[in-house]
Amino acid sequence: MDQNEYYNSIFKRKSIRNFDLRPLDDDTLVDISTHLRALESMHDDIKVELKIISPDSVKRRMMKRAPHYIAVFSEAKAGYLTNIGFMLQQIDLYLSHNSLGSCWQGIPSPKKEVLESSNLEFVIFIAFGKPKDPQSLHRTKISEFKRKSLHEITDIKGADELLEAVRLAPSSTNGQPWFFTGDENIINVLAVKPNFVKALLVKDYYLIDIGIAIYHLKVAAEHLGKKTEILFDEPVKSDAFKGYEYIISLKLD
Ligand SMILES: Cc1cc2nc3c(=O)[nH]c(=O)nc-3n(C[C@H](O)[C@H](O)[C@H](O)COP(=O)(O)O)c2cc1C
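Residue numbers run consecutively from 1 along every chain, following the written order of its sequence. A pLDDT threshold of at least 70 governs which residues receive local features in this predicted model, and a stricter bar of 80 or more applies before side-chain atom pairs are shown or counted, although totals over entire chains, interfaces and linings include all residues. The side-chain quantities take in all heavy atoms of the structure and omit both hydrogens and water.

Visitor: Talk me through the site of the ligand; I want residue IDs and the actual numbers.
Guide: Only heavy atoms are used to decide nearness, and a residue is near a molecule or strand if one of them lies within 4 Å of it. Near the ligand, the surroundings consist of 20 residues, among which R13, S15, R17, R139 and R147 are the closest. Here R13 contributes a side-chain N or O atom positioned 2.8 Å from an oxygen atom of the ligand. In the environment of the ligand, a nitrogen atom lies 3.0 Å from a nitrogen or oxygen atom belonging to the backbone of G106. In the complex, the protein chains occlude 90% of the 620 Å² of accessible area that the ligand would expose alone. Breaking the shell around the ligand down by element, the ones donating at least two residues are strand 4 (101–105) and helix 8 (205–223). Only Asp, Glu, Lys and Arg are considered charged in this grouping, and only Ala, Val, Leu, Ile, Met, Phe, Trp, Tyr, Cys and Pro are considered nonpolar; every other residue, Gly among them, is considered polar. Partitioned by chemical class, the residues of the shell around the ligand number 8 nonpolar, 6 polar and 6 charged. Side-chain atoms alone can form a polar contact between residues adjacent in sequence; in general such a contact is a pair of N or O atoms within 3.5 Å, and within protein one must be able to donate a hydrogen while the other accepts it. Method for areas: the Shrake-Rupley scheme with a 1.4 Å probe, in which residue coverage is limited to the protein chains shown. Only DSSP runs of H or I with at least four residues qualify as helices, and only runs of E with at least two residues qualify as strands; both kinds are numbered from the N terminus onward.

Visitor: Now, about the pairing of strand 10 (residues 244–252): what can you tell me, with residues and values included?
Guide: With 7 bridges connecting them, strand 8 (residues 186–192) and strand 10 associate as antiparallel partners. Residue pairing in the sheet places L190 in a bridge with Y246 of strand 10. A strand pair is defined by DSSP finding two or more bridges across the two strands. Relative to strand 10, strand 9 (residues 228–231) runs antiparallel, the two being bridged by 4 bridges. Of the residues in strand 10, the one forming a bridge with L231 is S249.

In structure tokens form, the structure reads like this:
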């Protein structure tokens, strides 16, 4: 799948929660496993383990059943949740492009056998399979995305085309906890920390959300012909980003 196909998926994808419960055929599952092994990472020094598991190993907690789940495990090092968002959003776009449905799922929890199958920390599931209604797979109009407007998520002028693809990124409880500042050559990615009550409900999923947005940002920048580099050092004093948590900057050439 090339960069343009990832880019095009951004404008069509949506979370699928109603699945055809028949398992996918072996060839398709092998193809997805191959793709999972090739995901690009933001931090090569953080170990990640991804396993395709059956719904019988998932405590679904009110969520509808899916025929398959990706169980995501990671070493719990600095930046790991953002890294998980960045990596697994590639599979969300890939599945959507290949006529399959998926949904990030923070609510379900793994059964004991899944937890014991890895030495790494369990992070999240991604449910996937064929959508029950194939017509429901894609959005056909941007207005079908319930999202903040561009001026609510950035103060950069002249980067609308770039940031439109980021605006549409999925996030837990659709919170869209991101803000972009800087200019067309360097985009600083900031996170809106959840307030105390929300933090109890949503754990640190906002950092996964930010990783998802960073992946969309990178795809969009490369689609527009830019070379990208992720910078991890805060470029200006953090009080310039009052109320926000600085995550990374994306340098565009
Ligand atoms: C980290 C994360 C966790 C999520 N957890 C759940 C979940 O447990 N259950 C669910 O139905 N949707 C979950 N979602 C899906 C979001 O609700 C969805 O992405 C958002 O409402 C935007 O809708 P869209 O994906 O259809 O564009 C999660 C999304 C993310 C990014």
